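One-letter residues, chain by chain:
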Amino acid sequence: MTTLGAILRRRREANEWSLADIATASGISVGHLSEVERGRKDISTDRLVPLARALETTVGELYLELGRELGAGEPLNAVAWEADPRVQLRRMSEGLDPDSLRTVARFTTFLAMNDSPRKRPIGFLR
């Protein structure tokens, strides 16, 4: 909450916009925006979307910056999914440690063993 508020404030100040400028453009009160920037209040997604627009950015960019500041590192290169599920699995499992890879293998085996052709009905039983 504090980190996101700091990111919002930094973005606003970098463009030399006042609290009132951004609050008015996003439909949020000046007081609420101030509390969010100081980390005293949380902001809902419904309010974050127009706020991001007012800051001339996207919610995705804000979350990407938040992730970096929280230590997530750089995002993986966006690569289109392969049509072959085996290639997808190979690509996604390259960075896994042996224990995680073993867990994926066990889960895959579990899914394969429990894959039955019959479909269960969805809804309430009578």
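Heads up: the structure comes first, above all this text.
Parameters and conventions
Residues numbered from 1 in each chain as written. Predicted model: local features only at pLDDT ≥ 70, side-chain atom pairs only at ≥ 80, totals over all residues. Heavy atoms only, no water. Helix = DSSP H or I, 4+ residues; strand = E, 2+ residues; numbered from the N terminus. Buried < 20%, exposed > 50% of the residue type's maximum accessible area, 1.4 Å probe, protein only. Contact = heavy atoms within 4.5 Å. Salt bridge = Lys/Arg side-chain N within 4 Å of Asp/Glu carboxyl O.

Enquirer: So what's going on with the side chain of R12? Residues and values would help.
Expert: Here R12 is to be found in helix α1 (residues 2-14). Here R12 falls in the buried class, since its relative accessible area comes to 8%. Residues within four places of R12 in sequence aside, it is in contact with W17, S18, L19, I22, E37 and L55.

Enquirer: Explain the pattern of salt bridges residue by residue, including any values.
Expert: Scanning the entire structure with this criterion turns up eight salt bridges. The salt bridge involving R12 is made with E13; its shortest N-O contact spans 3.9 Å. We note a salt bridge from R102 to D99, for which the minimum N-O separation is 2.6 Å. Of this pair, R102 and D99 both sit in helix α7 (residues 98-113), three residues apart, which is roughly one turn of the helix.

Bear in mind that shape data such as this cannot, by itself, settle questions of function.
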